[in-house]
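# Coordinate inspection notes
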Amino acid sequence: MPDIIGIDHIYITVSDMHRSEEFYDRVMKVLGFRKNTFAIGGDPHAQYFNRHFGYVIRPARSGNGHDSYSPGLHHLCLRVESPEDVRAAARELRTAGIDASEAAPYPEYAPDYWATFFRDPDGIRLEITNYRQERRERHDHWDRLQS
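Residues numbered from 1 in each chain as written. Predicted model: local features only at pLDDT ≥ 70, side-chain atom pairs only at ≥ 80, totals over all residues. Heavy atoms only, no water.

## What about the overall build of the protein?
When its secondary structure is counted, the protein shows three helices and eight strands. Secondary structure elements of the protein, listed N to C terminal, follow the sequence β-α-β-β-β-β-α-β-β-β-α. Considered along the principal axes of its C-alpha atoms, the protein spans approximately 50 × 40 × 30 Å. When contacts within the protein are restricted to residue pairs at least 6 apart in sequence, long-range pairs at least 24 apart make up 52% of them. Accessible surface for the protein amounts to roughly 9,800 Å². Of this, 51% is attributable to carbon and sulfur atoms. (Helix = DSSP H or I, 4+ residues; strand = E, 2+ residues; numbered from the N terminus. Contact = heavy atoms within 4.5 Å. Areas by Shrake-Rupley, 256 points an atom, 1.4 Å probe, with all protein chains shown as cover.)

## A short note on the sheet that holds strand S6 (residues 104-105)
The sheet built from four strands is open, its strands ordered S5-S8-S7-S6 with mixed pairing. Both outer strands of the open sheet, strand S5 (75-80) and S6, are each paired with one neighbouring strand and no more. The pairing of strand S7 (residues 114-119) with strand S8 (residues 125-130) spans five bridges and is antiparallel. Bridging from a neighbouring strand, Phe-118 pairs with Leu-126 of S8. Helix-sheet contacts for helix H2 (residues 83-95) involve S5, S7 and S8, and the interaxial angle to S7 is about 25°. (Pairing = 2+ DSSP bridges. Axes fitted to C-alpha atoms, helices over the stretch in contact; angles between N-to-C directions.)

## Some details on the packing of aromatic side chains
With the rule as written, the count across this model stands at seven aromatic pairs. Where Tyr-24 meets Tyr-55, the ring centres are 5.1 Å apart and the plane angle is 45°; that geometry is what we call tilted. Of this pair, Tyr-24 sits in helix H1 (residues 17-30) while Tyr-55 sits in strand S4 (residues 54-59), placing them 31 residues apart in sequence. You can call Tyr-24 buried: its relative accessible area is 1%. Look at Tyr-55 and you get buried, because its relative accessible area is 2%. Here Phe-33 and Phe-53 contribute two aromatic rings whose centre-to-centre distance is 5.7 Å and whose plane-to-plane angle is 75°, an arrangement assigned as edge-to-face. Taken as a pair, Phe-33 in the loop between H1 and strand S2 (34-40) and Phe-53 in the loop between strand S3 (43-49) and S4 lie far apart in primary sequence, 20 residues in all. Residue classification places Phe-53 among the buried residues on the basis of a relative accessible area of 16%. (Phe/Tyr/Trp six-rings, centres within 6.5 Å; stacked < 30°, edge-to-face > 60°. Buried < 20%, exposed > 50% of the residue type's maximum accessible area, 1.4 Å probe, protein only.)

## Examining the sheet that holds S2
Strand order in the open sheet formed by four strands is S1-S4-S3-S2, with mixed pairing between adjacent strands. The sheet is open, and its two borders are formed by strand S1 (9-14) and S2, each paired with just one other strand. Along the sheet, successive strands turn relative to each other by an average axial angle of 25°, direction set aside. Inspection of the sheet shows S3 paired to S4 by four bridges, in the antiparallel sense. In the sheet register, Phe-49 faces S4, and the bridge partner there is Gly-54.

Now the structure itself:
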């Protein structure tokens, strides 16, 4: 069986391309992503990318708003190296005008879980968390884990 080695890209539909592109320009710049734009079938797309994956926005085809508790995407969580990086990301996002929460520990999720939370203009919930010990062990000792 092939081994999935990562997420290649994530596509998000947005209700207002201009408004969302302004938002994601600020967010993704803080997070070190680069950007390109293109069209598919006449629809504009903006792709934000780093060395690991792409995050693409495109216009929605219906006016239904996002509901994180309906079937579909609940939230997207991005990972940084450390709690210090979570704190720096939250601080820099707020400096860029993004309504990100203060970085804080969430021991109810895991003993070493730190996160900041914010929403895009359509209400998609976004999170940045640290690379926790359990995730490191999963990565480093995959062959030893029981399924």
